[in-house]
Amino acid sequence: MINSYKKLPIGKYLQIVEIVKKEQDEVTEQVEIVSVLSGIPEADLLAMSIHDYKALAAQTDFLRKGPAADAVPKIPKQYKVGDYILIPAMDSKNITTAQYIDWQSWQKQGDDKMVESLSCLLVPKGCSYCDGYDIEDVQEAIRENFSVMDVVALMAFFLTSWQTSVTRSLDYSREMAMRIPNKEKREEMLKEIARLETALRKNGDG
């Protein structure tokens with residue numbers, strides 16, 4: 001029985017999110033959630049003694065609270081995820097353009113695409129992004145084995161790290177724009193930089 005965010009794989013967490021989105025009574029919702037966390041089919045749960053069922057249901061209480069900030073783990077140099085050793089992209093300087101574009105694209109689609117977003121940031125050891133491995137296999141390994149707490153730690157790091165990197169790039173771009181002799185082109189570039197900064201602030205606030 002999964003009874004903590006540390007033990008909860010991101011795939012099962014996303015299943016629970018979908019269950020909560022349904023318009024159904026609380027009892028049915030609870031049975032479905034207990035089934036996801038315990039691996040016991042719903043029919044078997046309904047046939048179980050009420051005493052045993054309540055004991056299982058009580059272990060889902062951790063879901064009522066968000067992951068504790070002081071329980072967020074440190075990011076290791078590598079993760080053992082299913083059959084893969086995955087290396088987190090800790091240095092934004094080593095992120096490829098394709099990797100960044102894919103990550104942004106998945107991010108825009110919301111939490112439903114959390115696993116796909118993570119697959120842009122976790123690359124199998126010895127491989128380059130989308131080269132030398134099947135990214136769908138990696139996504140499945142993440143979905144089944146990567147814990148919610150590790151997700152929280154990674155996403156917090158990437159959002160902070162990449163935002164800092166992009167901010168520095170925009171500052172440098174502004175300096176370069178100010179040196180453009182053509183006033184029209186200079187103002188056009190400065191306007192675009194201002195637009196990107198506004199978008200970055202909104203993302204940071206979110």
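All figures in this text were calculated on a predicted structure; none of them were measured in a lab.

Chemist: So what about helix α1 (residues 10-21)? Which residues, and what values?
Modeler: Its 12 residues give α1 an end-to-end C-alpha distance of 17 Å, which sits within 8% of 16 Å, the value for a rise of 1.5 Å per residue. All of the buried residues along α1 are I10, G11, L14, I16 and I19.

Chemist: Which residues make up the packing of α1 against helix α2 (residues 26-38), and what values do they have?
Modeler: Put simply, α1 and α2 touch, their axes get as near as 10 Å, and they point 170 degrees apart. The orientation of α1 relative to α2 falls into the category roughly antiparallel. Residue-level inspection shows K12, Q15, I16, I19 and V20 of α1 in contact with α2, the latter providing E29, E32, I33, V36 and L37. Looking at the contact of α1 with α2 residue by residue, the class counts come to six nonpolar, one polar and three charged.

Chemist: Before we move on, could you go through the packing of α2 against helix α4 (residues 50-58) and cite the residues and values that matter?
Modeler: Look at α2 against α4: their axes get within 10 Å of each other, and the N-to-C directions meet at 75 degrees. It follows that α2 is roughly perpendicular to α4 by the angle criterion. Where α2 abuts α4, its residues Q30, V31 and V34 lie against Y53, L56 and A57. For the contact of α2 with α4, the per-class residue count stands at five nonpolar, one polar and no charged.

Chemist: Before we move on, can you summarise the pattern of salt bridges with the specific residues and values?
Modeler: In the structure shown here, the tally under the stated rule is six salt bridges. Close ionic contact of K21 with E18 constitutes a salt bridge, the shortest N to O distance being 3.3 Å. In this pair, K21 and E18 are both assigned in helix α1, three residues apart and thus about one turn of the helix distant. Notably, a salt bridge pairs R143 with E140, separated by 3.0 Å at the nearest N-O pair. Residue R143 and its partner E140 are both found in helix α7 (residues 135-145); the two are separated by three residues, about one turn of the helix. Its relative accessible area of 28% is what places R143 among the partly exposed residues. Linked by salt bridges that have partners in common, E18, K21 and D112 make up one network.

Chemist: Outline the layout of surface pockets, supporting the account with residue identities and numerical values.
Modeler: In this structure, the second largest pocket spans a volume of roughly 330 Å³. At the level of secondary structure, the elements contributing two or more residues to the lining of the second largest pocket comprise α1 and α2. The biggest single contributor to the lining of the second largest pocket is α2, with five residues. Along the lines of polarity and charge, the residues of the lining of the second largest pocket split into eight nonpolar, two polar and four charged.

Chemist: Got a sec to walk through the sheet that holds strand β2 (residues 84-88)? Specific residues and values, please.
Modeler: Strand order across the open sheet formed by three strands is β1-β2-β3, with antiparallel pairing between neighbours. Every interior strand has two partners, whereas the edge strands, β1 (79-81) and β3 (122-124), have only one. Here the strands of the sheet are splayed against their neighbours by 45 degrees on average, with no regard to which way each runs. Here three bridges tie β1 to β2, and the two strands are oriented antiparallel to one another. Directly across from K80, in β2, lies its bridge partner I85.

Chemist: How would you explain the nonpolar core if you had to name every residue and give the values?
Modeler: Ranked by internal contacts, the top residues of the largest apolar core, which has 25 residues, are I10, L118, L122, I142 and F146. Mapped onto this core, the elements with two or more residues apiece are α1, β1, α6 (114-119), β3, α7 and α8 (148-177). Of all the elements, α8 adds the most residues to this core, at four residues. Residues contacting L118, with those up to four places away along its chain left out, are I142, F146, V151, L154 and M155. Formed by 11 residues, the second largest nonpolar core is a distinct cluster that contains I33, V36, L37 and V148.

Chemist: Can you lay out the pairing of β2 for me, pointing to particular residues and giving the numbers?
Modeler: In sequence, β1 turns back onto β2 through a hairpin of two residues, with G82 there showing a positive phi of about 60 degrees. Both β2 and β3 contribute to a ladder of three bridges, which runs antiparallel. Across the sheet, residue I87 finds its bridge partner in β3, namely V123.

Criteria and cut-off values
Numbering of residues starts from 1 in each chain and follows the order in which that chain's sequence is written. Thresholds applied to this predicted model are a pLDDT of at least 70 for local features of residues and 80 or more for the giving and counting of side-chain atom pairs; totals over whole chains, interfaces and linings are not thresholded and use all residues. Calculated side-chain values reflect all of the structure's heavy atoms, with hydrogen atoms and water omitted. Note on conventions: DSSP H or I runs of at least 4 residues are helices, E runs of at least 2 residues are strands, and numbering of each starts at the N terminus. Multiplying one less than the number of residues by 1.5 Å gives the expected span of a helix. Only protein chains enter the accessibility calculation, which uses a 1.4 Å probe; a residue is then buried when its area is under 20% of its type maximum, exposed when over 50%, and partly exposed in between. Angles here are taken between N-to-C directions and fall from 0 to 180 degrees, while the axes themselves are lines fitted to C-alpha atoms, restricted in helices to the stretch in contact. Roughly parallel means an angle under 35 degrees; roughly antiparallel means over 145; roughly perpendicular covers 65 to 115; every other angle is labelled oblique. Contact between two residues is taken to exist if any of their heavy atoms lie within 4.5 Å; hydrogens are not considered. Lys, Arg, Asp and Glu make up the charged group, whereas Ala, Val, Leu, Ile, Met, Phe, Trp, Tyr, Cys and Pro make up the nonpolar group; the residues left over, Gly among them, are polar. Each salt bridge in this description consists of a side-chain nitrogen of Lys or Arg and a carboxyl oxygen of Asp or Glu lying within 4 Å of one another. Any residue with an atom within 4 Å of a point lines the site, the site being either a cavity, points on a 1 Å grid over the protein atoms alone where a 1.4 Å probe fits but cannot get out, or a pocket, an open set with protein on both sides within 12 Å along at least 5 of 7 lines. Grid points are joined across faces, edges and corners, and a volume is the space filled by probe spheres set on the points. When DSSP finds two or more bridges between a pair of strands, those strands are recorded as paired. Buried Ala, Val, Leu, Ile, Met, Phe, Trp, Tyr and Cys residues form a nonpolar core when they are joined through side-chain atoms within 4.5 Å.

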